[in-house]
Amino acid sequence: MNQKILKVTENIPLTSNVYKMVLQGDVSEVKTPGQFINIKLDGFYLRRPISVCDKVDDTLTIIYKVVGEGTEYMATLKEGAELDVLIGLGNGFGVNASGDTALLLGGGVGVPPLYMLAKKLIEAGKKVTVCLGFNTKNEVFYENEFKALGADVRVATVDGSYGTKGFVTNLFENVDYSYYYTCGPEPMLKAVFNTCKSSGELSFEERMGCGFGACMCCSCKTVTGYKRICKEGPVMKKEEIIWNA
Amino acid sequence: MERLKVNLCGIDIDNPIIPASGTFGFGYEFADIYDINKLGTFSFKGTTKDPRFGNPTPRAAECTAGIINSVGLQNPGVDKVISEELPKLAKVFNKKVMANIGGFSVEEYAYVAEKIAQCEQVGWLEINISCPNVHGGGMAMGADPKMAAAVTSAVRKVTDKPVIIKLSPNVTDIVSIAKACEDSGADGISLINTLLGMRINLKTKKPIIANKMGGFSGPAVFPVALRMVYQVASNVKIPVVGLGGVSRAEDVIEMMLAGATAVQVGAANLIDPCACSDIIDKLPEVMDKYGINKLSDIIGGAL
């Protein structure tokens, strides 16, 4: 982890309430896909943790959904704004764990961290299938960006207004995969956990205090002991997960 | 720097800045960011007899100028703290550390204190009788002068190291509790622990914190903390450690003028991991601005 001032170079809506922000500066501390950054916003006491969608040279892309007052404020930030950001937080996805064929499953704003992961896996010569789930057609984003990487991309919407009707778990019946990676709302993670037979990694979300392991606000129980979502997570191995009752 | 030195309960410290328990883990997360030997000392994560997972999540809620937490004394238990955490800490911190101890009975406090006091690294024991996030112990102990006295006496019997009792602001008469601790052999008083608070999620119409209520800290509580430090320092002879919302060098000076010998910094560490380091760097400049030569000269200056 380190603390940097990053400059906003782009902040545009992808859907009615999902935004893409590009931040420029020394982002060398971001090492693996699935890590997150924690952004200080004027007028808000706690930082906002947002997963990294992509890193190219000295820029980071993040994609965030407006869900409350902090993200509402983020959406108003203009190009040139400077943000105090803690970067390189958390344990990301194990890019080398996938075997030859990786299945990536993302739901809603759980999709973004899979983008950098897909990029790394494809660069490493892996075959990548990406299944994206959204509620409805208007909420779909990044389908073409994943296609441009060379991934086999499939989309599901809950209401059937775009792609396959249903959930990400309806999209990979005929896919051979050696390993899976997933990020999305917890019911989706649980469905993926129960459906996928291979080993895999799941990225979790929790309300955080600090985002770097000091306050113990985002603890969870795992097979291998108590873990902090922000420090040992957000990515957990399938084999270590204990679902809350 | 001589100007920043103070003596806390018989131990000289390079400066009065002490990260507060529960906001600094066992130090090493922060040692990745700066050399934590720069600190006066720090108070490590509240330690109990048995390992504790703590409360269900969500455990954190944002407030205007503050945070509510309900961690519930998550810690690996005293044996693992001694066998695993303290050796790890020794690699990155070569000063005496303040051992923060939580408990659910007088006997438990004494048991943990006796074990931890034997560790050479431990300089002070800070006895938390003020945790708002656990039942049957914590704050219940700190709300009654008789119970506060009983815990203090029991801990006093098991160690010669300085014993600092950490008090809750969620009481009607803070002075009577502080005096009860002083009369029972405490070497110092630290205050304030968090104020009991809550937030409700407007979307779900339910409390944000799983445990419904939690401890409120951050810059918003500073005036309350300062007032209570002033009241206690006016009425006891033992050193007072001031905490509650301290985020700037100016706040440190205010706390010391109100009677604090040393100052703990809590929530600020969670927002700016370098908060304590920055405060230490900034102190000389702010002291110059207000004509302060040595910090030890101003302790209780406003009393």
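Starting from 1, residues in each chain are numbered consecutively following that chain's sequence as written. Chains carry letters from A onward and ligands carry numbers from 1 onward, assigned in written order. This being a predicted model, a pLDDT of at least 70 is required before a residue's local features are given, and a value of 80 or more before pairs of side-chain atoms are given or counted; all residues contribute to the totals for chains, interfaces and linings. Excluding hydrogens and water, the side-chain figures rest on all heavy atoms present in the structure.

## Brief notes about the overall build of chain A
What counts, and what does not: Strands are runs of DSSP state E lasting at least two residues, helices are runs of H or I lasting at least four, and both sets are numbered from the N terminus onward. Taken over C-alpha atoms, the radius of gyration is set against a globule rule of 2.2 Å times the number of residues to the power 0.38. Burial classes: relative accessible area under 20% of the type maximum marks a residue as buried, over 50% as exposed, and values in between as partly exposed (1.4 Å probe, protein chains only). We call two residues contacting when some pair of their heavy atoms lies within 4.5 Å. Note on areas: Shrake-Rupley, 1.4 Å probe, and residue coverage restricted to the protein chains presented here.
Looking only at helices and strands, chain A features four helices and 15 strands. Over its C-alpha atoms chain A spans a radius of gyration of 17 Å, differing by no more than 12% from the 18 Å that the globule rule assigns to 245 residues. The C-alpha extent of chain A, read off along each of the three principal axes, is 50 × 40 × 35 Å. Considering chain A as a whole, with its 245 residues, one finds that 56% of them fall into the buried category. Of the contacts made within chain A by residues no fewer than 6 positions apart, 61% connect residues no fewer than 24 positions apart. For chain A, the exposed area adds up to about 10300 Å²; of that, 48% sits on carbon and sulfur atoms.

## Examining helix H4 (residues 186-195) of chain A
Residues and elements named next belong to chain A. Counted only if it meets this: Directions are taken from the helix axis to each C-beta atom, and the arc is the one they span.
Among all positions in H4, only Met188, Leu189 and Val192 are buried. End-on view of H4: buried residues confined to an arc of 100°, all on one side of the axis. Facing away from the buried surface of H4 by more than 90 degrees, the exposed residues are Pro187 and Asn194. Contacts made by the buried residues of H4 are with strand E7 (101-107), strand E11 (179-183) and strand E12 (200-203).

## Here we look at the interface of chain A and chain B
Quick note on the threshold: By buried area we mean the combined loss of accessible area, with a 1.4 Å probe, across both parts when two parts are placed together. In the sections that follow, a salt bridge refers to a side-chain nitrogen of Lys or Arg positioned within 4 Å of a carboxyl oxygen of Asp or Glu.
With 29 residues of chain A at the interface, the matching set in chain B holds 36 residues. It is A:Tyr45, A:Arg207 and A:Cys217 that lose the most area in chain A upon contact with chain B, and together they represent 29% of the buried surface on that side. Inspection of the chain A/chain B interface yields three salt bridges. Note that B:Asp272 and A:Arg47 form a salt bridge whose closest N and O atoms lie 3.0 Å from each other.

## Some remarks on the side chain of B:Ser168
All names here are of chain B. Note the cut-off: Each polar contact in these results corresponds to two N or O atoms within 3.5 Å; when the atoms are within protein, one needs to be able to donate a hydrogen and the other to accept it, and residues that are neighboring in sequence are counted only if both atoms are side-chain atoms.
Along the chain, Ser168 falls in the loop between strand E8 (163-166) and helix H6 (174-183). Here the side chain of Ser168 touches Asn170 through a polar contact of 2.9 Å, landing on its backbone nitrogen. Residue contacts for Ser168: discarding those within four places in its chain leaves Ser130, Met139, Ile174 and Asn193.

## A short note on the domain arrangement of chain A
All names here are of chain A. Under the convention used in this document: Domain limits in this description derive from either an automatic procedure or a database domain assignment.
With domains assigned, chain A is organised as domain 1 (2-89) and domain 2 (95-203). Distance between the C-alpha centres of domain 1 and domain 2: 23 Å. A buried area of about 1300 Å², summed over both sides, lies between domain 1 and domain 2, and 71% of it is on carbon and sulfur atoms. At the boundary of domain 1 and domain 2, one finds one salt bridge.

## Structural notes on a nonpolar patch on the surface
We apply this condition: Two distance rules govern patches: like charges are joined within 9 Å, and nonpolar side chains (Val, Leu, Ile, Met, Phe, Trp, Tyr) within 5 Å, applied only to residues with over 30% relative accessible area and no salt bridge.
Residues B:Leu196, B:Met198, B:Ile200 and B:Met213 make up a contiguous nonpolar surface patch of roughly 350 Å² in combined accessible area. Judged by its relative accessible area of 40%, B:Met198 falls in the partly exposed class.

## Focus: the nonpolar core
Quick note on the threshold: Grouping buried Ala, Val, Leu, Ile, Met, Phe, Trp, Tyr and Cys residues that are joined through side-chain atoms within 4.5 Å yields what is termed a nonpolar core.
Counting 139 residues, the largest nonpolar core has B:Leu8, B:Ile116, B:Ile127, B:Ile129, B:Leu167, B:Leu191 and B:Leu283 as its most contacted members. Two domains each put at least three residues into this core: domain 1 (2-89) and domain 2 (95-203) of chain A. If near-sequence neighbours (up to four positions away) are discounted, B:Leu167 is found in contact with B:Ile129, B:Ser130, B:Ile174, B:Ile177, B:Ala178, B:Cys181, B:Ile189, B:Ser190, B:Leu191, B:Ile192 and B:Asn193.

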